[in-house]
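Residue strings, one per chain:
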Amino acid sequence: MKLLLDFLPILLSFVTYKWQDIYIATAVLMVSTCVQMAVMYAIDKKLTAMHKATLALILVFGALTLALHDERLIKWKPTALYAAMALTLAVALWGYRKNFLQIMLGSQLTLPDWVWRRLTAAWVLYCIFIAALNGYVAAFWSTDAWMNFKLWGYVFPVVFIIGQGIYVARHLQELPDPQVPGNSPHE
């Protein structure tokens, strides 16, 4: 369900582009992303930092695309987003010794610190790869080809997240069950 919700603005934008043009598709992307974030907020009662950054970049790059009538701006938005994510994760991990993935997900997953570091390094490399790939497609391919890439390129995050899930599953640490006598931290 959540994956479909994440994919919906891209799909709506793609369909709109095929029927209209990049500018109307950009407006649809902006509106559908706002609706998507409202639904996510209604479900989770919060938005993650990633959701907030995505929304902000879509609105800023989208508004600039529409105001300046320059399609290059919306095409470069994913590159800016993924490059910023890679830089943020890398500087936090290797510069400040803070692991943002562990900070954000540590309450949901119990993993050894070295696994969190590897996951973060993998995310940094993935973000650099996607930023560079989108940058290449945005710079050297037509807008039509870029829109097709945005739709069918959705396979990259799906494969990456599945791979992350398989890797994480091998390293999950079980928490003690407080219902079992002797396992409660208060005994």
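Up top you'll find the structure we're talking about.
Residues numbered from 1 in each chain as written. Predicted model: local features only at pLDDT ≥ 70, side-chain atom pairs only at ≥ 80, totals over all residues. Heavy atoms only, no water.

1. Here we look at the overall build of the chain
- Helices and strands together make up the secondary structure of the chain, namely eight helices and zero strands.
- Taken over 187 residues, the chain has a buried fraction of 39%.
- Here the analysis covers contacts within the chain between residues at least 6 apart in sequence; of these, 66% occur between residues at least 24 apart. (Helix = DSSP H or I, 4+ residues; strand = E, 2+ residues; numbered from the N terminus. Buried < 20%, exposed > 50% of the residue type's maximum accessible area, 1.4 Å probe, protein only. Contact = heavy atoms within 4.5 Å.)

2. Quick notes on the pattern of salt bridges
- Taken as a whole and judged by the stated rule, the model has two salt bridges.
- Between Lys-18 and Asp-144 there is a salt bridge, with the nearest N and O atoms lying 2.8 Å from each other. Remark: Asp-144 occurs in helix 7 (residues 143–152) and Lys-18 occurs in helix 1 (residues 2–19); sequence separation between them is 126 residues.
- Residue classification places Lys-18 among the partly exposed positions, given a relative accessible area of 38%.
- Residue Asp-70 pairs with Arg-72 through a salt bridge whose shortest N-O separation is 2.7 Å.
- Judged by relative accessible area, Arg-72 falls into the exposed class, the value being 52%. (Salt bridge = Lys/Arg side-chain N within 4 Å of Asp/Glu carboxyl O.)

3. Observations concerning the nonpolar core
- If you look at the biggest cluster of nonpolar residues, it comprises 32 residues, and the most contacted ones within it are Ile-22, Tyr-82, Tyr-126, Cys-127, Trp-146 and Met-147.
- Put simply, the parts of the chain that give this core at least two residues each are helix 1, helix 2 (22–44), helix 3 (49–68), helix 4 (72–95), helix 6 (113–140) and helix 7.
- Other than its neighbours up to four places away in sequence, Tyr-82 contacts Tyr-126, Cys-127, Ile-130 and Ala-131.
- Judged by nonpolar contacts, the second largest core, of seven residues, contains Leu-101, Leu-111, Val-115 and Leu-119. (Core = buried A, V, L, I, M, F, W, Y, C linked by side-chain atoms within 4.5 Å.)

4. Examining unusual backbone geometry
- Not every positive phi belongs to a glycine, and Lys-45 is a case in point at roughly 65 degrees.
- Inspection of the secondary structure assignment puts Lys-45 in the loop between helix 2 and helix 3.
- Judged by its relative accessible area of 61%, Lys-45 is exposed.
- Its identity is not glycine, yet Arg-97 carries a phi of approximately 60 degrees, on the positive side.
- As for its position among the elements, Arg-97 is in the loop between helix 4 and helix 5 (100–105).

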